[in-house]
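Next come the chains, spelled out residue by residue.
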Amino acid sequence: MPYNPFRIYFSPAVVPTIAAICAFSLTFFLGHWQQGRAAEKRSLQSEFNVRMLAAPIQLASNTSGVTLLKYSRAVARGEWDLSGQIYIDNKFNNDAVGFHVITPLKLDGTNRQVLVNRGWVARAAVYPKPPAVAVPHGPITVEGMLTLPSAKFLELSKTTIQGSVWQNLTLERYVRETGRSVMPLLLLQKETAAPLSPVSERPDARAEKHVEYMLTWYCLAATVVVLWLVLNIKLERSGSNAPQTTGGNNE
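Every value quoted in this text rests on a predicted model; they were computed, and no experiment measured them.

A. Fine view of the overall build of the chain. Per the secondary structure count, the chain includes four helices and twelve strands. Looking at the chain as a whole, 35% of its 251 residues are labelled buried. For the chain, the accessible surface area stands at approximately 15400 Å², while carbon and sulfur atoms represent 60% of it.

Below, the structure written as structure tokens:
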């Protein structure tokens, strides 16, 4: 029978063990929390997909429920208000840069308006002035998808509005600057005419982001356990009272 000059023993210390338990509990809890958040976002994404497949809703002055209407298809009937048209600068379409053309549509039978993103138009030789974009007169029906302007932007200059050219759009800013009563949603027009190109948006609840966070926290929890085991498993030379850690000199 071969002689083994070492024996393995397990001797966890109290303080490191308490620290390991705390670290494991925290990282495992955060992983479990992110797992729940991922499930919530998957459910939200499914709801967005259902809204996009549902029949278009008819926008009216009493339409409400911003959260429930986002990414729904909608139809609005009314007339364009050219005096309220603005251009959002630095918008890309493939590799070209231009403007998003935002025009308020006065809903039939009411003084309320809905902002419509009529599409993207390229910059012209007159830049920084926007190119001329015709606005049809008379009653019109607009179909598209309801969304909200992105709130993720950084403004380094205080000059964010120059005439009809804006750097960024928020509904609160539009109401404050124009004094108009607009619905708390933006309608992306589905069909446009030259020189405009339609602007589309694909709803993404970003469930994958929370899955990544979940895996990160669970991996950290597993790492804590492995480190605690490795650091507390020791080798002792047979017949000696002096323990040696794994990986030490065996000669």
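B. Seen up close, helix α1 (residues 14-53). Under the 1.5 Å per step criterion, the end-to-end length of α1 is 59 Å for 40 residues, consistent within 8% with the ideal 58 Å. Along α1, the positions that sit buried rather than exposed are Thr17, Ala20, Thr27, Leu30, Gly31, Gln34, Ala38, Lys41, Gln45, Phe48 and Arg51.

C. Geometry of the packing of aromatic side chains. Applying the stated criterion across every chain, the model contains seven aromatic pairs. Consider the rings of Phe10 and Trp228, whose centres lie 5.5 Å apart with planes at 85 degrees: the pair is edge-to-face. Here the residue Phe10 occupies a position in strand β1 (residues 6-10), and Trp228 occupies one in helix α4 (residues 207-232), the gap between them amounting to 218 residues. Since its relative accessible area comes to 42%, Phe10 is described here as partly exposed. Residue Trp228 is classed as partly exposed on the basis of its relative accessible area of 23%. Aromatic ring contacts, followed pair by pair, group Phe24, Phe28 and Tyr218 into a single cluster.

D. Expanded view of unusual backbone geometry. In this structure, Pro128 follows Tyr127 across a cis peptide bond, with omega equal to 20 degrees. The topology assignment puts Pro128 in the loop between β6 (113-122) and β7 (140-147). With an omega dihedral of 10 degrees, the bond running from Ala194 to Pro195 counts as a cis peptide bond. By the element assignment, Pro195 lies in the loop between β10 (182-189) and α4. Positive phi, close to 70 degrees, is recorded for Tyr71, a residue that is not glycine. On the secondary structure map, Tyr71 appears in the loop between α2 (66-69) and β3 (73-80). The buried category is assigned to Tyr71, whose relative accessible area is 7%. Its identity as a non-glycine residue notwithstanding, Arg206 has a phi of 60 degrees, on the positive side.

What counts, and where the lines are drawn
- What you see as residue numbers is a count from 1 along each chain, following the sequence as written.
- Note on the predicted model: pLDDT of at least 70 is required for a residue's local features to be given, and 80 or more for side-chain atom pairs to be given and counted; whole-chain, interface and lining totals, by contrast, use all residues.
- Side-chain numbers come from the whole structure's heavy atoms, not from hydrogens or water.
- Runs of H or I in DSSP of at least four residues are treated as helices and runs of E of at least two as strands, each being numbered from the N terminus.
- Only protein chains enter the accessibility calculation, which uses a 1.4 Å probe. A residue is then buried if its area is under 20% of the maximum for its type, exposed if over 50%, and partly exposed in between.
- Per-residue and other accessible areas follow the Shrake-Rupley method at a 1.4 Å probe size, with only the shown protein chains counted as cover for residues.
- To estimate how far a helix should extend, the number of its residues minus one is multiplied by 1.5 Å.
- Centre distance within 6.5 Å is the pairing criterion for rings of Phe, Tyr and Trp, where only the six-membered ring of Trp is used; planes under 30 degrees apart are then read as stacked, over 60 as edge-to-face, and the remainder as tilted.

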